[in-house]
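An overview of the molecular structure
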Number of protein chains: 2
Amino acid sequence: MKFHKLLRLEGVSVEKDKGEHVFMQSDSDKSLYFVQSGLLKAYYTTEDGKEYIKSFLLPNDIIGSLSSSYLEECSSFSLLCLEPTTLVKMPFRRLYEYTKGDLELANNMIDLILHLAIKKEKREYEFLCLSAEERFCMLVKTSPSLLEKVTQNDLARYLGITPVGLSRIKKRTHTRPINAKQTAL
Amino acid sequence: MKFHKLLRLEGVSVEKDKGEHVFMQSDSDKSLYFVQSGLLKAYYTTEDGKEYIKSFLLPNDIIGSLSSSYLEECSSFSLLCLEPTTLVKMPFRRLYEYTKGDLELANNMIDLILHLAIKKEKREYEFLCLSAEERFCMLVKTSPSLLEKVTQNDLARYLGITPVGLSRIKKRTHTRPINAKQTAL
DNA sequence: CATAGATTTTAACCACGGTTAATGATTCCT
DNA sequence: AGGAATCATTAACCGTGGTTAAAATCTATG
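Reading the values: rules and limits
- Residues take numbers from 1 onward in each chain, read along the sequence in its written order.
- Whichever chain is written first becomes A and whichever ligand is written first becomes 1, with later ones labelled in order.
- Residues qualify for local features only when their pLDDT is at least 70, as the model is predicted, and side-chain atom pairs are given and counted only at 80 or more; totals for whole chains, interfaces and linings, by contrast, use all residues.
- To obtain the side-chain values, all non-hydrogen atoms of the structure were included, while hydrogens and water were left out.
- Whether two residues touch is decided by their heavy atoms; if any such pair falls within 4.5 Å, the residues are in contact.
- Note on terms: buried area is the combined drop in 1.4 Å-probe accessible area of two parts once they are placed together, counting the loss on both.
- Throughout this description, a polar contact denotes any pair of N or O atoms lying within 3.5 Å of each other; where both atoms belong to protein, one of them has to be capable of donating a hydrogen while the other can accept it, and for residues adjacent in sequence the pair is counted only when both atoms sit in side chains.
- Numbering goes from the N terminus for both helices and strands, where a helix is a DSSP run of H or I of at least four residues and a strand is a run of E of at least two.
- Put simply, Ala, Val, Leu, Ile, Met, Phe, Trp, Tyr, Cys and Pro go in the nonpolar bin, Asp, Glu, Lys and Arg in the charged bin, and everything else, Gly too, in the polar bin.
- Type-normalised accessible area, obtained with a 1.4 Å probe on protein chains alone, sets the label of each residue: buried when under 20%, exposed when over 50%, and partly exposed for intermediate values.
- Following DSSP output, two strands are said to pair if at least two bridges run between them.
- Nearness is judged by heavy atoms alone; a residue qualifies as near a molecule or strand once a single heavy atom is within 4 Å of it.
- Here the copies are matched by least squares. The fit uses the C-alpha atoms of residues with pLDDT of at least 70 in both.

Considerations on the interface of chain B and chain A
- Tallying the contact residues gives 41 residues for chain B and 41 residues for chain A.
- For the chain B and chain A pair, buried surface summed over both sides reaches about 4000 Å², with 69% attributable to carbon and sulfur atoms.
- Linking chain B to chain A there are 11 residue pairs in polar contact (both at pLDDT 80 or more).
- Elements with a minimum of two residues in the side of chain B that touches chain A: strand S4 (40–46), strand S5 (51–57), helix H2 (69–74), helix H3 (92–101), helix H4 (103–129) and helix H7 (152–159) of chain B.
- Tallying contributions element by element places H4 of chain B first for the side of chain B that touches chain A, with 20 residues.
- Tallied by class, residues from the side of chain B that touches chain A come to 22 nonpolar, eight polar and 11 charged.

The following block contains the structure:
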């Protein structure tokens, strides 16, 4: 990545332990966070108490609270550290002032958001076109290291299924050869 | 929306009839398109010939071909006019040159991409947290006008289900009172 | 009007994954 | 080490939606 100038802006460094939350809801906390080390999960909690994981955050990942009244109505959003974590916090208000007056920074910002938009695009694709099993296999291929760090429960909630469902899928994919679909002849 | 300056940039006007495609694949076509009038569907076609609809585009909507090697590998992406349509085409290369040199334009661009990112975020939420039936009900509430213009087939492929599945859901939701879940007492 | 084509609905059957609950396996704690 | 708590797996049962194919509608177009 190359958001050079963005990263050189001095933000507040935040240290959190495993199990601690990073609050992003209140106006004063609306910020962009750069993950320096550690591991977090970003998740929704719905009214009926269910949890759905939006993403896991690894070092060099970036997250911000996009304000969307729609989403805020139907769910609440949280960040939880799964390991001791260091973040750099940059309030949107301040960032916004910077980009208003700095061309290079504004272009860095464009690259950054574009990068995030492409991630979302991928995820939309995976939900739209792939089955839960295919999404799991995808993840095994692309982020094998994540599987070791994250509980079955969290992994399932990220894939959009239940832990029970994931357990079943794992069994299936180890027994059955992958891509058994093509077993014509 | 308020991408004032972006919209004042002069792009190439493109006229298409119902049934015509807008090509976005080749490098020379990598552009941002502003829909002025009409209706389009943006969809993926997978290797096994299935179609999945990413979004419908109405007047004032904006679409661009985010280049992602990942997505380009596993599917091909197309735009098809469902009604006679007028678009304004702005090549990314040119746009990029502009934003590199114009602060106001760069900030307009930030607002624009942020706006698109929030849309994606909503859609991710809907796939992650809602059932097909709930997604359908959501759409009925938020975009009733779309339902009249779009075939059952396209609608289903946008919701991530088959036309047969959608037909069943429609039957159910008309028979059964919506939110029958809460019928305690 | 008639026929062909596309679109939608229905039915029958099946696979996937949700739900609940019981059982194992780990980790953690004093 | 014993016990609590968390996490993972398994089994039984069920609901949603996929698949296929047939019937019912709707829409052209000559």
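Re the pairing of strand S7 (residues 75–81) of chain B
All names here are of chain B.
- With respect to burial, S7 is a largely interior element, six of its seven residues being buried.
- Relative to S7, S4 is paired through seven bridges, and the arrangement is antiparallel. Counted as the bridge partner of Thr45 is Ser76 from S7.

Details of the environment of Ser167 of chain B
- Looking at the element boundaries, Ser167 of chain B is found in helix H8 (residues 163–175).
- Placed 15 residues apart in sequence, Ser167 of chain B and Gln152 of chain B show a C-alpha to C-alpha distance of 7.9 Å.

Section: the protein's contact with DNA strand C
- DNA strand C sits among 19 residues. The nearest are Ala132, Thr162, Arg168 and Arg172 of chain A together with Gln152 of chain B.
- Those atoms of DNA strand C that come within 4 Å of the protein belong to sugar or phosphate at a rate of 59%.
- Between DNA strand C and Ala132 of chain A there is a distance of 3.2 Å, counted from a phosphate oxygen to a backbone nitrogen or oxygen.
- Class assignment of the residues belonging to the surface near DNA strand C gives a composition of five nonpolar, seven polar and seven charged.

Focus on the relation of the copies chain B and chain A
- Screw-axis analysis of chain B against chain A gives a translation of 0.0 Å along the axis, an RMSD of 0.0 Å, and a rotation angle of 180°. Each copy turns onto its partner about a two-fold axis.
- Mapped onto chain A, 100% of the interface residues of chain B again fall at the interface, so both copies present the same surface.

Such coordinate-based values are descriptive only and should not be taken to indicate function.
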